[in-house]
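Residue-level structure breakdown
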Amino acid sequence: MSSIFLDTLSGNKTTRPPVWFMRQAGRILPSYQKLKLKYSFHDMMKNKELASQVTLMPIDDLGVDAAILFSDILIIPESIGMKLEFTDNGPKFHNPISLNNISSLSFDATKLDYVYSNIKQIKSINKKTPLIGFCGGPLTTFLFMFRGDEKDKSFNNALKFFYSNKKESVYLLEKLTEASIEYVQGQASSGIDCFQLFETYCGIIPSELYKKLILPLSTKILEAAKQKNVPTIFFPKNFNDGLRYINKDICDFVSIDWNLSIEYARKIVDSKVGIQGNMNPRLFYSSYDDIDIYLNNLLKFGEHNDDWIFNLGHGFLPDIDYKKVKYVVQWIKETNWNRN
Ligand code: CP3
């Protein structure tokens, strides 16, 4: 398969940066919002036809260079016995983690089989668009497993547990890692072309602590993809100066949030690792002129950095105007990036 996205991931020169967006599947697309009137998120994710349709929607509706599987990071807790519900106010678990239920969790790999058949279905419908598979980083997944009340977005329960029950926390983080490794390999065997690890809440603990306790686990999950020859992207959001620990033994590309400038991130990340990012999604709330200024400022970076994938610093917000997104994709594709 020849594609500008896969060429960039494997270190080949291209005429422009490839582009895709975190949370491009669903959320902002009118055709998705129409489907949502009829089906719940959970139902769509588990239905082969609907999941494939939503995964591929942004290819036609936005013109992006890659598709990301329509699924969620919280299906790993579901696969180890947690009762997940997506409410109108976000996800929650009916049996949030406590000292009482932690030892009763057990991984049932068959609960993920539907994801593998979704991947095969997507690849059979569209062979030429690269498909990104994913799962949550151990810390991010861990934090959500304590959420029994969807309105409490604080993660206070999870963090209190993490600091006061170290042994049990490590046990749970390792259990998540084992399940994630099997899940990544299942996705790879089913046909994904790239794997992204979403460690969205990396910055909720000090970067030194993340490096010592969690980064070795995240690395193992990413290694599982590499073993299957699937290129990897790691998104350790708000890792800040921890980015200097990222090297090629961990991932092929690292996705940068919008707190750092992309030039600074490029300086502190190992030069063998490519960069993805890092437009602030809220910039889509501003005028086309302001968006143009942002894009024009990236021209120099894009000219000198072939190992760069254009993306957001985090996912779309639900009320973003998809026409502006389409405009950005078109701008990236039609601009002369002065690469020879
Ligand atoms: O990028 C994509 O579009 C692919 C699909 C995808 C979803 N979730 C679909 C989804 C991906 C990659 C995720 C990852 C995810 N899920 C993360 C990590 C990345 C991030 O954005 O922070 C996290 C923390 C979750 C957990 C989760 N799932 C939350 C907090 C919520 C509710 C609020 C929200 O963000 O929408 C979900 C639900 C969810 N996951 C929806 C979608 C399309 C919303 C369903 C709806 O349309 O109501």
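A brief structural summary. (Residues numbered from 1 in each chain as written. Predicted model: local features only at pLDDT ≥ 70, side-chain atom pairs only at ≥ 80, totals over all residues. Heavy atoms only, no water.)

In this structure, Phe5, Phe21, Phe195, Phe284 and Phe310 are the most contacted members of the largest nonpolar core, which totals 120 residues. Per-element accounting of this core gives the leading share, eight residues, to helix H10 (residues 207-227). If we skip the residues at most four places from it in the chain, phenylalanine 195 touches Gly133, Phe134, Cys135, Val184, Ile221, Leu222, Ala225, Val230, Pro231, Thr232 and Ile233. (Core = buried A, V, L, I, M, F, W, Y, C linked by side-chain atoms within 4.5 Å. Buried < 20%, exposed > 50% of the residue type's maximum accessible area, 1.4 Å probe, protein only. Helix = DSSP H or I, 4+ residues; strand = E, 2+ residues; numbered from the N terminus. Contact = heavy atoms within 4.5 Å.)

The next point concerns unusual backbone geometry. Between glycine 277 and the following residue, asparagine 278, the backbone shows a cis peptide bond with an omega angle of -15°. Turning to its location among the elements, asparagine 278 is positioned in strand S8 (residues 274-279). The backbone phi angle of arginine 23 is positive, close to 65°, even though this residue is not glycine. The topology assignment puts arginine 23 in the loop between helix H1 (4-9) and helix H2 (30-36).

For helix H12 (residues 288-297), the full list of buried residues reads Ile291, Tyr294 and Leu295. Buried residues of H12, viewed axially, fall in a sector of 95°; they line one side. Relative to its buried face, H12 has exposed residues pointing more than 90 degrees away, namely Asp289, Ile293 and Asn297. For H12, the secondary structure elements touched by its buried residues are S8, helix H13 (299-304), strand S9 (308-312) and helix H14 (322-334). (Arc of directions from axis to C-beta.)

Sheet architecture is open: seven strands sit in the order S1-S4-S5-S6-S7-S8-S9, paired in parallel fashion. Of all the strands in the sheet, just strand S1 (67-68) and S9 have a single pairing partner and so form its edges. Sheet topology places strand S7 (residues 253-255) next to S8; three bridges connect them, and they run parallel. Bridged to phenylalanine 253 within S8 is glycine 274. (Pairing = 2+ DSSP bridges.)

This part is about the pairing of strand S6 (residues 232-236). Within S6, five of the five residues are buried, leaving the element largely enclosed by the surrounding structure. Side-chain alternation along S6 places Thr232, Phe234 and Pro236 on one buried face and Ile233 and Phe235 on a second face that is also buried. Pairing geometry for strand S5 (residues 194-199) and S6, over five bridges, is parallel. Of the residues in S6, the one forming a bridge with leucine 197 is phenylalanine 234. With H10 bridging S5 and the parallel S6, this β-α-β connection has right-handed handedness. (Right-handed = clockwise from strand over helix to strand, strands pointing away.)

At their nearest, the axes of helix H4 (residues 48-61) and helix H6 (residues 113-125) sit 9 Å apart, and the two run at 55° to each other. By the criterion of interaxial angle, the relationship of H4 to H6 is oblique. When you trace H4 past H6, the crossing you get is right-handed. Every residue of H6 that contacts H4 at Lys48, Glu49, Ala51, Ser52, Thr55 and Leu56 is listed here: Ser117, Asn118, Gln121, Ile122 and Ile125. Looking at the contact of H4 with H6 residue by residue, the class counts come to four nonpolar, five polar and two charged. (Axes fitted to C-alpha atoms, helices over the stretch in contact; angles between N-to-C directions. Parallel < 35°, antiparallel > 145°, perpendicular 65-115°, else oblique. Left-handed = near helix turned anticlockwise from the far one by under 90°. Nonpolar A, V, L, I, M, F, W, Y, C, P; charged D, E, K, R; others polar.)

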